[in-house]
Amino acid sequence: MHRSSRRTPLTGKDGFDLVVVANRLPVDFTVGPGGHVEWNRSPGGLVTALEPVMQASDGAWVGWSGAPDLASEPFDADDMRLVPVTLSADEIERYYEGFSNDTLWPLYHDVISPPTYHRTWWDAYRRVNQRFADAAVAQVAQGGVVWVHDYQLQLVPQMIRAQRPDVRIGFFNHIPFPPLELFQQLPWRRQVLDGLLGADLVGFQRAGDAANFIRAVRRLRAHTTRGPMITVPGEDGRDRHVRAAAFPISIDSRRFDELARSPEVQQRSREIRADLGDPDIMMLGVDRLDYTKGIRHRIKAYGELLQDGRLDVEHATLVQVASPSRENVDAYQELREHVEGAVGRINGEYAEIGHAAIHYLHHSYPPEEMAALYLAADVMLVTALRDGMNLVAKEYVAARSDDHGVLVLSEFTGAADELSSGALLVNPHDIDGMKDIIVAAAHMDHREQRKRMRRLRRKVLNDDVAKWSQSFLGVLTAMPSRVPHRRASDAPEDRGLRAEVGA
């Protein structure tokens, strides 16, 4: 546990060469005894990807603390400057739970759940985006790089550009970008596109997402496009060129591989199977409890397999880890009730003493426990109805250092573009088809498993999260600089960042 404080700058000049802007900081805040603000690091995929390049290139991270009305001065942690953005309880309700998660999230995930459009939510979204932009502007050095992340902050690139035309701006969208026919439902569609077009480079998980964005720009903003390049008229009379392309994100695959090889994790995986009654077939689902993840479809298919007699509880079991998510949003409360009701019905009908049909776990687990679960599972079920990437699929592959296990993967995940050569692809809307594939996965012989898993592991271990961040920043820093009266090659801080990312 660390206490926040104001320290001397990490840099001797005005500002930081690289500023990351994300909805959340890479730490969790708590208020300790006496009202002191304390923090704990909360490592995630984005932190793992960006921490090395930020440490080497003198970086700052702008984000929300995660708690309402919690103000804190910028402070240093792990050789990064962390810059908290304060949000009120009302702003969290309207900007985060409202516009971000009850308007944009369902709209961008193929309207699986109906989006809600409120003007007051949009006003809060604009206001909070401006606060993030102002914080980034205050931190970035002349000619520096700002990398903005995800759907909560789509207006930030243009807001930064309006104040700092000298900096390079990147934006990465971690979730899908919808087809024009869905996106144009958004009352503020043009404002969102203009916000994103403030960036020099807009990154997406899949080529199809980039194509959807380019089509929306062409139709709704009438800008000229050619391949991945979009021409945006500048206020100074000079055109700007914005690139939109796919940069599929990954995981710290070497870490998961090493974790799964450790004696402690291997022992824990054996304990898990023993605790489950040593089933012949252990199937595993790991998801946030979100309606996009296809949990209901998966449970329905599994229940029907038990009903049909194609699987039985004496030999097979399903472990479903459903991490709590957005519990203040009505659609998520309804989903939890539906899932838990379905699990209860199936266990009531098919479970036997010592043999549960479904083990349902509404918890989050540390990486060590997740690696043990992955290693214990014969079949990994990833049946999302729509997903930007789905890193669980890649974590499972990285953990299977034994070259065993079968990945059943939805066609509607970004991961399907990369892992189709080794996974069994499934359409989760086709319950009968999904049942056939689950049975095929359960009975796949070890030779076929090994052949497929080796293909998957080559891909996941080679294309890790470090390669993703280097690829994106390499393209961004190679783009023309807008520092007045100075070429990009003359900027020492730019040369340092480009050298670090391997540009």
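Residues numbered from 1 in each chain as written. Predicted model: local features only at pLDDT ≥ 70, side-chain atom pairs only at ≥ 80, totals over all residues. Heavy atoms only, no water.

1. Remarks on the overall build of the protein chain
We apply this condition: Only DSSP runs of H or I with at least four residues qualify as helices, and only runs of E with at least two residues qualify as strands; both kinds are numbered from the N terminus onward. Burial status follows relative accessibility: with a 1.4 Å probe on protein chains alone, a residue under 20% of its type maximum counts as buried, one over 50% as exposed, and anything between as partly exposed. Two residues form a contact once any of their heavy atoms are found within 4.5 Å. Using a 1.4 Å probe, accessible areas were evaluated by the Shrake-Rupley method; residue-level cover was limited to the displayed protein chains.
Of the regular secondary structure elements, the protein chain holds 18 helices and 19 strands. Taking all 503 residues of the protein chain together, the buried fraction comes to 58%. Nonlocal contacts in the protein chain, meaning residues at least 24 apart in sequence, comprise 74% of its contacts between residues at least 6 apart. Here the protein chain displays about 20,400 Å² of accessible surface, and carbon together with sulfur accounts for 47% of that area.

2. Side note on the packing of helix α8 (residues 253–261) against helix α16 (residues 446–462)
The condition is simple: Axis definition: a line fit to C-alpha positions, over the contact stretch in the case of helices; interaxial angles, taken between N-to-C directions, run 0 to 180 degrees. Any angle between 65 and 115 degrees counts as roughly perpendicular, while under 35 counts as roughly parallel, over 145 as roughly antiparallel, and the rest as oblique.
Closest axis-to-axis distance for the α8/α16 pair is 8 Å, and the angle between their directions is 125°. Taken together, the axes of α8 and α16 lie oblique to each other. For the pair formed by α8 and α16, the contact residues are Ser253, Arg254, Asp257 and Arg261 on the first element and Arg457, Val460 and Leu461 on the second.

3. A few points about a negative patch on the surface
For clarity, the threshold we go by: Only residues whose relative accessible area exceeds 30% and that take part in no salt bridge are eligible for patches, with like-charged residues grouped when within 9 Å of each other and nonpolar side chains (Val, Leu, Ile, Met, Phe, Trp, Tyr) grouped when within 5 Å. Salt bridge criterion: a side-chain nitrogen from Lys or Arg within 4 Å of a carboxyl oxygen from Asp or Glu. We treat Lys and Arg as the positive residues and Asp and Glu as the negative residues; His and chain ends play no part in the count. The location of each charge is read from NZ of Lys, CZ of Arg, CG of Asp or CD of Glu.
A cluster of acidic residues, Asp280, Asp312, Glu314 and Glu352, forms a negative patch on the protein surface. Assignment of secondary structure puts Glu352 in the loop between α11 (330–350) and β16 (358–361).

4. Here we look at the pattern of salt bridges
Tallying each qualifying case throughout the model produces 35 salt bridges. Shared partners join several salt bridges into a network, and the residues in it are Asp257, Arg261, Asp403, Arg454 and Arg457.

5. Overview of the pairing of strand β15 (residues 316–323)
Side-chain positions along a regular strand alternate between the two faces of the sheet. Worth spelling out the cut-off: In this scheme, strands are said to pair when DSSP sees at least two bridges between them. Convention used here: a crossover is right-handed provided that the path from the first strand, over the helix, to the second strand proceeds clockwise when the strands point away from the viewer.
The element β15 is extensively covered by neighbouring structure, given that eight of its eight residues are classed as buried. Of the two faces of β15, the one carrying Ala316, Leu318, Gln320 and Ala322 and the one carrying Thr317, Val319, Val321 and Ser323 are both buried. Looking at chain direction, strand β14 (residues 281–288) and β15 are connected through eight bridges and run parallel. Bridging from a neighbouring strand, Met283 pairs with Leu318 of β15. The handedness of the β14 to β15 crossover, carried by helix α10 (residues 295–308), is right-handed. Where β15 lies against β16, four bridges are found, and the strand directions are parallel. Of the residues in β16, the one forming a bridge with Val321 is Leu361.

6. Overview of the nonpolar core
The test is simple: In plain words, nonpolar cores are sets of buried Ala, Val, Leu, Ile, Met, Phe, Trp, Tyr and Cys residues tied together by side-chain atoms within 4.5 Å. Domain start and end points were adopted from an automatic or database domain assignment.
By size, the foremost hydrophobic cluster in this structure holds 100 residues, and its most contacted members are Phe132, Ile160, Phe213 and Met283. Here this core gets ten residues from one element, more than from any other, and that element is helix α3 (residues 119–139). Inspection of this core shows a minimum of three residues originating in each of domain 1 (16–249 + 469–478) and domain 2 (253–462). Ignoring anything within four residues of it in the chain, the contact list for Phe213 reads Phe177, Leu193, Leu196, Leu197, Val202, Phe204, Ile230 and Ala244.

7. Remarks on the packing of aromatic side chains
For any two aromatic rings, the description comes down to two numbers: the centre-to-centre distance and the angle of the planes. We apply this condition: To pair, rings of Phe, Tyr and Trp, with the six-membered ring standing in for Trp, must have centres within 6.5 Å; the planes then decide the type, stacked if under 30 degrees apart, edge-to-face if over 60, and tilted in the middle.
Enumeration over the complete set of coordinates arrives at 22 aromatic pairs. Arranged with centres 5.5 Å apart and planes meeting at 55°, the rings of Phe99 and Trp122 form a pair that is tilted. Taken as a pair, Phe99 in helix α2 (residues 89–108) and Trp122 in helix α3 lie far apart in primary sequence, 23 residues in all. Accessibility assignment for this pair places Phe99 and Trp122 in one class, buried. Aromatic pair Phe177 and Phe213: ring centres 5.5 Å apart, planes at 90°, arrangement edge-to-face.

8. Examining the side chain of Thr317
As a reminder of what qualifies: In the analysis that follows, any N or O atom pair within 3.5 Å is treated as a polar contact, provided that within protein one partner can donate a hydrogen and the other can accept it, and provided that, for residues neighboring in sequence, both atoms belong to side chains.
Relative to the elements of secondary structure, Thr317 occurs in strand β15. A polar contact is formed between the side chain of Thr317 and the backbone oxygen of Ala356, at a distance of 3.1 Å. A polar contact is formed between the side chain of Thr317 and the side chain of His359, at a distance of 3.4 Å.

9. Concerning the sheet that holds β15
Spatially, six strands are ordered β16-β15-β14-β17-β18-β19 in an open sheet, and the strand pairing comes out parallel. Because the sheet does not close on itself, it has two edges, and the strands there are β16 and β19 (424–426). Averaged over all adjacent pairs, the angle separating strand axes in this sheet is 20°, with direction ignored. With respect to the sheet, helix α13 (residues 391–399) is in contact with β14, β17 (379–382) and β18 (406–410), its orientation differing from that of β18 by roughly 170°.

10. Focus: the sheet that holds strand β9 (residues 168–172)
In spatial order, the strands read β6-β7-β5-β2-β8-β9-β10-β13-β12-β11; together these ten strands make up an open sheet with mixed pairing. For this open sheet the edge positions go to β6 (75–77) and β11 (224–226), each flanked by a neighbour on one side alone. Ignoring strand direction, the axes of neighbouring strands in this sheet form an average angle of 25°.

11. Section: the pairing of β18
β18 sits mainly inside the fold: five of its five residues count as buried. Burial along β18 is two-sided: the residues Val406, Val408 and Ser410 and Leu407 and Leu409 are all buried. Here four bridges tie β17 to β18, and the two strands are oriented parallel to one another. Paired with Met380 across the two strands is Leu407, which belongs to β18. Bridge analysis of β18 against β19 gives three bridges, and the strand direction is parallel. The partner of Ser410 across the bridge, within β19, is Val426.

12. Considerations on the environment of Ala207
Tracing the backbone through its elements, the reader meets Ala207 in helix α7 (residues 207–220). For the pair Ala207 and Ala244, spaced 37 residues apart in sequence, the C-alpha separation works out to 9.2 Å.

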